[in-house]
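# Overview (structure and organization)
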Amino acid sequence: MKLELTDRNLQRYHLTGTLVVVVVLALALAGSLLWIGLTEYRQITQRFEQAQQKRLHDRLQSEMDAAVGYLDFLQARTGMVLRKALQEKTAMAFQIATAIHQHEHGRHPEAEVKRLILEALRPQRFFDDRGYFFVRDLQGNGLLQPLNPELENTSLWDNHDDKGHFITRGLIAAARSSEAGGFSSYRWYPPDNRLEMSDKLAYVRLFAPYGWAMGTGDYLDLWHAARLKEGIERLRAWKFGDTGRFEVLGLDGQILLQPPSPGDEGKNYRQLASPEEQDIQRRMLALANEGGGLMEYAWRRQGSDIVDTRSALVQRFASWNIVLVATLSSREIQATIDAEKASAWASLSSRLPYAGLVAVLAILGAILASALFSRWMIGLLQGYKRDLDAHALALEQKAGELHLAGHVFESSNEGILITDAERRILAVNPAFTAISGYRAEEVVGKQPDLLASGKHEPDFYRSMWQTIRETGSWSGEIWNQRRDGSVFPELLQITTVRSAGGEVLHYVGTFLDLTERKEAEDRIRQLAEFDPLTGLPNRSLLRDRMAQAMARAERENRRVAALVLDLDRFKTINDSLGHAIGDQLLQGVAARLRQLVRHSDTVSRMGGDEFVVALTGLEHPAQALPSARKILEALAAPFQLGEHELLITPSIGIALYPDNAGDPETLLKHAEAAMYHAKNQGRNTFQFFTPEFNHWVTERLRIENGLRHALARNEMRLHFQPQVSLATRRIVGCEALLRWQPTEGELVMPDRFIPVAEETGLIVPIGHWVLEQACRQLARWDAEGGAPIRMAVNVAVPQLRQPDFVDSVRQALQQAGLAPGRLEIEVTESVLLDKDERISRTLEGLLALGTKLSLDDFGTGYASLSYLRNFRFDVLKIDRSFVSELHRNEADIKLIRAIISIARDLSLQTVAEGVESEAQLEILQELGCNLGQGYHFSRPVPADQLGELMRGEREA
């Protein structure tokens with residue numbers, strides 16, 4: 001049915017419709033209040049149940065944490081208790097052996113005394129009759145093997161376990177590790193299983209009179225089993241709450257603890273009579289294998305029909321391969337939950353009458369408000385009709401103006417783009433399509449950033465729009481991208497269109513394509529700054545780039561090198577073969593030079609056959625040498641120009657900023673002078689500007705070339721300077737010092753060749769040789785029967801950056817048969833300032849290997865004291881500059897006292913270098929210094945002389 005609206009019935013229809021809507025809304029309000037009350041009741045009871053459940057779970061977690069802590073304590077004590085027991089039993093064996101030796105030695109032959117000791121130890125049994133004593137000599141022969149007497153007096157040196165560990169070698173190494181002996185871990189067959197080995201721990205001591213390794217051992221699993229049984233019995237008595245208890249399962253399904261049904265303990269859960277109980281145990285094991293967590297289950301006590309809902313926290317105790325279950329009955333919280341539900345329901349029931357009253361009042365108020373609103377709305381509609389008539393007239397007047405603007409928009413040669421206030425494209429003109437390649441339907445509704453070329457940073461666009469917001473417009477040059485992906489420059493102007501109230505309505509962008517103008521400017525610049533034959537920068541552009549490089553070098557404290565090179569006898573080629581061949585040769589030379597330099601360097605043609613290579617960012621003068629050599633090598637190869645194969649050589653002059661000049665022109669002039677000097681020296685070479693630097697380069701090249709063959713020619717030597725305990729005045733260590741004795745020449749000291757070795761990377765193979773030789777020499781001194789001393793070896797930064805350095809140290813120690821603690825790696829404070837993570841990883845690897853770390857020349861560098869905390873050093877070496885004036889300078893005494901105090905607080909050993917007098921030694925001893933090193937004790941000497949010094953100490 002179609003309604004006919006008039007001025008008279010419009011008010012009646014509007015009032016009727018409004019009343020219907022309001023009544024429906026009021027009824028909906030009453031229903032929603034009732035629904036909200038019921039929902040609130042459910043939420044309150046749910047939250048309370050969740051809170052009670054959380055309290056129960058928290059209680060389970062607390063009890064579980066306490067139980068796990070207790071079991072961790074028991075498990076941790078296992079190894080400690082076993083070690084103590086092994087030490088006590090071995091001490092008993094030593095008491096027996098020592099007593100027999102002291103009583104019978106000298107009264108019977110040595111063989112008889114040995115037999116008496118072995119026979120006294122043979123019947124000894126302990127550890128539930130598993131334990132016995134064994135004896136090996138240091139050659140690996142079994143002297144006492146009570147359980148396998150057939151192995152006695154046979155070599156057990158190569159006897160190993162199922163992991164490849166050599167058992168006898170490990171036992172002997174443990175016995176020799178210290179005067180008190182040591183522990184050795186290996187695997188062997190337990191008494192109850194001769195098919196599969198188990199972990200075993202032994203304690204061994206060296207019986208000095210006969211050089212025997214004597215000790216005993218036992219199986220770790222058996223001691224862990226005893227601790228596990230002790231822990232289960234403690235959990236059996238563990239109660240919490242009214243119904244809380246612990247249960248324990250094995251990962252294989254064996255029930256280890258179940259207080260409600262102790263008769264089921266020892267069974268597999270699959271053997272339980274009730275399928276429900278089997279399912280509960282299976283779920284617990286599955287939850288433990290998934291990482292543990294909470295579960296609920298229904299528990300029926302045997303012989304009873306009452307079902308108890310219980311919550312359980314399941315956690316796997318990996319150390320003993322068991323599953324812990326803390327369980328508590330839900331009965332402990334159910335009564336509290338029921339009381340809270342009753343209270344919430346009573347509160348809801350008391351509010352229902354008030355909700356009904358609110359709904360009735362809402363309906364009455366809505367009817368009155370609807371009548372008033374209807375009268376007001378009719379008045380608004382009549383006013384709106386008058387406004388529409390006036391607006392229609394104004395639109396007719398604007399239509400003519402828009403027709404004119406549209407004609408201008410379509411016919412303009414400038415690209416025009418219009419967006420709304422949110423920068424969505426509304427319209428583009430034909431010129432926009434012609435310039436960008438985008439049709440109108442491809443861009444309307446999108447953002448203008450689809451034209452972005454990527455050549456401008458985000459800050460550029462942020463600044464542009466900030467200007468538009470502040471001033472209403474922006475104009476300037478910008479790079480945009482066409483539809484085909486090519487970029488082009490444009491002159492862009494953006495204007496803001498605002499309403500009468502100042503609100504942004506539109507943005508209008510107009511732009512011109514600047515491609516042709518830019519190409520013309522580039523052609524002019526190319527002709528002004530580049531050589532037309534080779535395409536290289538000319539003298540003008542070279543001077544500009546060199547000035548910029550010099551300014552940057554001054555800020556960064558670096559150098560710039562100018563290499564002027566002239567082609568030898570180029571005029572002969574030009575005159576004999578013609579200028580065309582000469583030009584091709586110059587182009588070939590330019591191409592090769594471009595390939596040799598970095599992006600930051602410059603290759604320029606000065607004119608004729610003269611080129612310049614500008615090297616930037618050099619840290620020291622020697623870095624210009626590789627580039628000069630590369631140029632000589634690159635230009636030595638023949639040039640194939642048509643049918644002509646030409647050979648050309650350069651003469652190169654090198655000058656350095658700021659060493660030789662302070663501006664580009666002077667630097668080029670000095671480099672050119674050096675180039676002419678190179679031609680006078682025979683051509684096809686390079687010369688530096690100053691004779692003094694030429695001499696330095698020659699000497700450096702001689703050292704570098706000699707070092708490359710020094711190891712192969714066996715020219716390297718190791719001298720050793722002893723480190724003496726200031727308390728006992730005996731040698732306890734030494735430092736390996738490198739010397740170079742060329743086959744034809746005088747001895748070269750380290751300060752001349754070590755820096756060259758580090759710069760060229762030769763320090764890596766040389767350092768590896770030093771490590772191997774130092775470890776081998778230490779092993780030779782051990783074989784001569786000397787007291788075990790420690791060997792200190794200096795290591796440079798390039799060595800620490802090698803990823804396999806720790807492996808090479810480990811290999812050197814293993815080849816020499818040395819314990820890692822016998823080797824001391826010395827580094828200087830410069831290592832601490834290097835942020836290379838490879839160095840940190842290497843130092844951590846050395847500490848993990850067991851070698852000692854020593855900080856050399858402490859106090860002379862710039863390292864912070866915090867590095868002593870971050871890097872775990874063992875030794876602090878006090879530099880000789882503090883020791884030399886010690887007996888005459890009170891300030892040096894205070895400084896050394898402070899260093900020794902720091903070292904003592906950090907548990908570091910101190911070594912004073914450069915001790916040259918008894919007076920210095922006495923002061924250092926009074927200050928608490930541990931060790932001394934210097935000419936007062938001995939100069940650095942060859943290995944045989946230091947061996948004589950140590951033998952003299954032993955005989956004294």
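Because the structure is a prediction, the values reported are computed rather than measured. (Residues numbered from 1 in each chain as written. Predicted model: local features only at pLDDT ≥ 70, side-chain atom pairs only at ≥ 80, totals over all residues. Heavy atoms only, no water.)

### Topic: the packing of helix H20 (residues 805-816) against helix H22 (residues 837-849)
- For the pair H20 and H22, the least separation of the axes is 9 Å and the interaxial angle reads 25°. By the angle class used here, H20 and H22 are roughly parallel. In the crossing of H20 with H22, the sense of the turn from one axis to the other is right-handed. Mapping the contact onto sequence places Phe805, Val806, Val809, Arg810 and Leu813 in H20 and Thr842, Gly845, Leu846 and Leu849 in H22.
- Broken down by class, the residue content of the contact of H20 with H22 amounts to six nonpolar, two polar and one charged. (Axes fitted to C-alpha atoms, helices over the stretch in contact; angles between N-to-C directions. Helix = DSSP H or I, 4+ residues; strand = E, 2+ residues; numbered from the N terminus. Parallel < 35°, antiparallel > 145°, perpendicular 65-115°, else oblique. Left-handed = near helix turned anticlockwise from the far one by under 90°. Contact = heavy atoms within 4.5 Å. Nonpolar A, V, L, I, M, F, W, Y, C, P; charged D, E, K, R; others polar.)

### Focus: the layout of surface pockets
- Space inside the largest pocket adds up to approximately 1,300 Å³.
- Lining of the largest pocket is provided by 31 residues; of these, Ala173, Arg176, Ser177, Gly817 and Ala819 occupy positions nearest its centre.
- Secondary structure elements with two or more residues in the lining of the largest pocket: helix H3 (167-176), strand E4 (198-207), helix H18 (763-783) and H20.
- A breakdown of the residues in the lining of the largest pocket according to their chemical character gives 18 nonpolar, six polar and seven charged.
- When residues of the lining of the largest pocket are assigned to domains, at least three map to each of domain 1 (82-223) and domain 5 (707-955).
- Looking at the second largest pocket, its volume works out to about 940 Å³.
- When the residues that make up the lining of the second largest pocket are grouped by side-chain class, the tally is 19 nonpolar, seven polar and 10 charged. (1 Å grid on protein atoms, 1.4 Å probe; cavity = no way out; pocket = protein on both sides within 12 Å on 5 of 7 lines; lining within 4 Å. Points joined across faces, edges and corners; volume = space filled by probe spheres on them. Domains from an automatic or database assignment.)

### Some thoughts on the packing of helix H25 (residues 890-905) against helix H26 (residues 918-927)
- Running from N to C, H25 and H26 point in directions that differ by 40°, and their axes come no closer than 10 Å. The orientation of H25 relative to H26 falls into the category oblique. Viewed along their axes, H25 and H26 form a crossing whose handedness is right-handed. Contacts between H25 and H26 involve Ile893, Ile896, Arg897, Ile900 and Arg904 from the first element and Ile923, Leu924 and Leu927 from the second.
- Split into classes, the residues belonging to the contact of H25 with H26 amount to six nonpolar, no polar and two charged.

### Brief notes about the side chain of Gln777
- Tracing the sequence through the fold places Gln777 in helix H18.
- For Gln777, a relative accessible area of 9% corresponds to the buried category.
- Not counting chain neighbours up to four residues away, the residues in contact with Gln777 comprise Phe720 and Ala943. (Buried < 20%, exposed > 50% of the residue type's maximum accessible area, 1.4 Å probe, protein only.)

### Things to note about the nonpolar core
- If you look at the biggest cluster of nonpolar residues, it comprises 78 residues, and the most contacted ones within it are Leu707, Met716, Phe720, Trp781, Met791, Ile896 and Leu924.
- Residue contributions to this core peak at nine residues, all from H18. (Core = buried A, V, L, I, M, F, W, Y, C linked by side-chain atoms within 4.5 Å.)

### Regarding unusual backbone geometry
- Here the amide bond leading from Tyr657 into Pro658 is cis, since omega sits at 5°, within 30 degrees of zero.
- Counting through the fold element by element, Pro658 comes out in the loop between strand E21 (650-657) and helix H15 (664-680).
- The phi dihedral of Asn153 falls on the positive side, at around 65°, and the residue is not glycine.
- Relative to the elements of secondary structure, Asn153 occurs in the loop between strand E2 (142-144) and H3.
- Located in the positive-phi region is Asn557, a residue other than glycine, with phi close to 60°.
- Among the structural elements, Asn557 can be located in the loop between helix H11 (539-556) and strand E16 (559-567).

### Describing the pattern of salt bridges
- One pass over the full model with this rule turns up 43 salt bridges.
- Close ionic contact of Arg122 with Glu119 constitutes a salt bridge, the shortest N to O distance being 3.3 Å.
- When the shortest N-O distance is used, the salt bridge between Arg729 and Glu918 registers 3.4 Å. Remark: Glu918 occurs in helix H26 and Arg729 occurs in the loop between strand E23 (716-725) and strand E24 (731-740); sequence separation between them is 189 residues.
- Its relative accessible area of 31% is what places Glu918 among the partly exposed residues. (Salt bridge = Lys/Arg side-chain N within 4 Å of Asp/Glu carboxyl O.)

### Some details on helix H5 (residues 275-289)
- Taking 1.5 Å as the rise per residue, H5 with 15 residues should run 21 Å; its terminal C-alpha atoms sit 21 Å apart, in good agreement.
- Those residues of H5 that fall on the buried side of the exposure criterion are Glu277, Ile280, Gln281, Met284, Leu285, Leu287 and Ala288. Along the axis of H5, the buried positions cluster into a sector of 165°, meaning they face one direction only. Exposed residues pointing more than 90 degrees away from the buried face of H5 are listed as Pro275 and Asn289.
- Where H5 is buried, its residues contact strand E6 (245-250), strand E8 (293-300), strand E9 (307-317) and strand E10 (322-329).
- Positive phi appears at Gly291, one or two residues downstream of H5, with a value of about 110°. (Expected span 1.5 Å × (residues − 1). Arc of directions from axis to C-beta.)

### Concerning the packing of aromatic side chains
- Going through the model one piece at a time under the given rule, you end up with 19 aromatic pairs.
- Ring geometry for Phe460 against Trp474: centres 6.2 Å apart, planes inclined by 85°, an arrangement best described as edge-to-face. Of this pair, Phe460 sits in helix H9 (residues 458-471) while Trp474 sits in strand E13 (residues 473-481), placing them 14 residues apart in sequence.
- Ring pairing ties together the aromatic residues Phe94, Phe207, Tyr210 and Trp212, which thus form one cluster.
- In this arrangement the basic side chain of Arg83 is found over the ring face of Phe183, its NZ or CZ atom lying 4.4 Å from the centre. (Phe/Tyr/Trp six-rings, centres within 6.5 Å; stacked < 30°, edge-to-face > 60°. Lys NZ or Arg CZ within 6 Å of the ring centre and 35° of its normal.)

### Here we look at the sheet that holds strand E18 (residues 610-618)
- If you trace the five strands from one edge of the open sheet to the other, you get E17-E18-E16-E21-E22, paired in mixed fashion. Looking at the sheet topology across the chains shown, the edges are occupied by strand E17 (602-607) and strand E22 (686-688). Neighbour-to-neighbour, the strand axes of the sheet open up by a mean angle of 20°, direction not taken into account.
- Judged from the three bridges that link them, E21 and E22 form a sheet pairing that is parallel. Bridged to Ile654 within E22 is Phe688.
- Where H11 meets the sheet, its contacts fall on E16, E17, E18 and E21, and the angle it forms with E17 comes to roughly 140°.
- Sheet contacts for helix H13 (residues 579-596): E16, E17 and E18; angle to E18, the most-contacted strand, approximately 10°. (Pairing = 2+ DSSP bridges.)

### Some remarks on helix H17 (residues 750-760)
- Residues Phe753, Val756 and Ala757 constitute the buried set of H17. When H17 is viewed along its axis, its buried side chains cluster within an angular range of 100° and face the same direction.

### Overview of the environment of Ala549
- Assignment of secondary structure puts Ala549 in helix H11.
- With 12 residues separating them in the primary sequence, Ala549 and Ala561 have C-alpha atoms 10.0 Å apart.
- Once residues within four sequence positions are removed from consideration, Ala549 is found in contact with Val560 and Thr616.

### Focus on the side chain of Ser453
- By the secondary structure assignment, Ser453 is in the loop between helix H8 (440-443) and H9.
- Within the structure, the side chain of Ser453 is placed 3.2 Å from the backbone nitrogen of Lys455, a separation counted as a polar contact.
- Excluding its chain neighbours within four sequence positions, the residues that come into contact with Ser453 are Trp479, Asn480, Gln481 and Val487. (Polar contact = N/O pair within 3.5 Å; in protein donor to acceptor, adjacent residues only side chain to side chain.)

### Considerations on the sheet that holds E23
- The sheet built from eight strands closes into a barrel, its strands ordered E23-E24-E25-E26-E27-E28-E29-E30 with mixed pairing. Ignoring strand direction, the axes of neighbouring strands in this sheet form an average angle of 30°.
- Here strand E25 (residues 790-794) runs beside strand E26 (residues 823-828); their pairing, made up of four bridges, is parallel. Within E26, the position partnered with Val793 by the bridge is Ile825.
- In the packing of H25 onto the sheet, contacts are made with strand E27 (852-858), strand E28 (875-878) and strand E29 (909-913), and the angle to E28 comes to roughly 175°.

### Observations concerning the pairing of E28
- With burial as the criterion, each face of E28 is covered, one bearing Val875 and Lys877 and the other bearing Leu876 and Ile878.
- Relative to E28, E27 is paired through three bridges, and the arrangement is parallel. Among the inter-strand pairings, Leu855 is bridged to a residue of E28, identified as Leu876.
- Relative to E29, E28 runs parallel, the two being bridged by four bridges. Within E29, the residue paired with Lys877 across the bridge is Val911.

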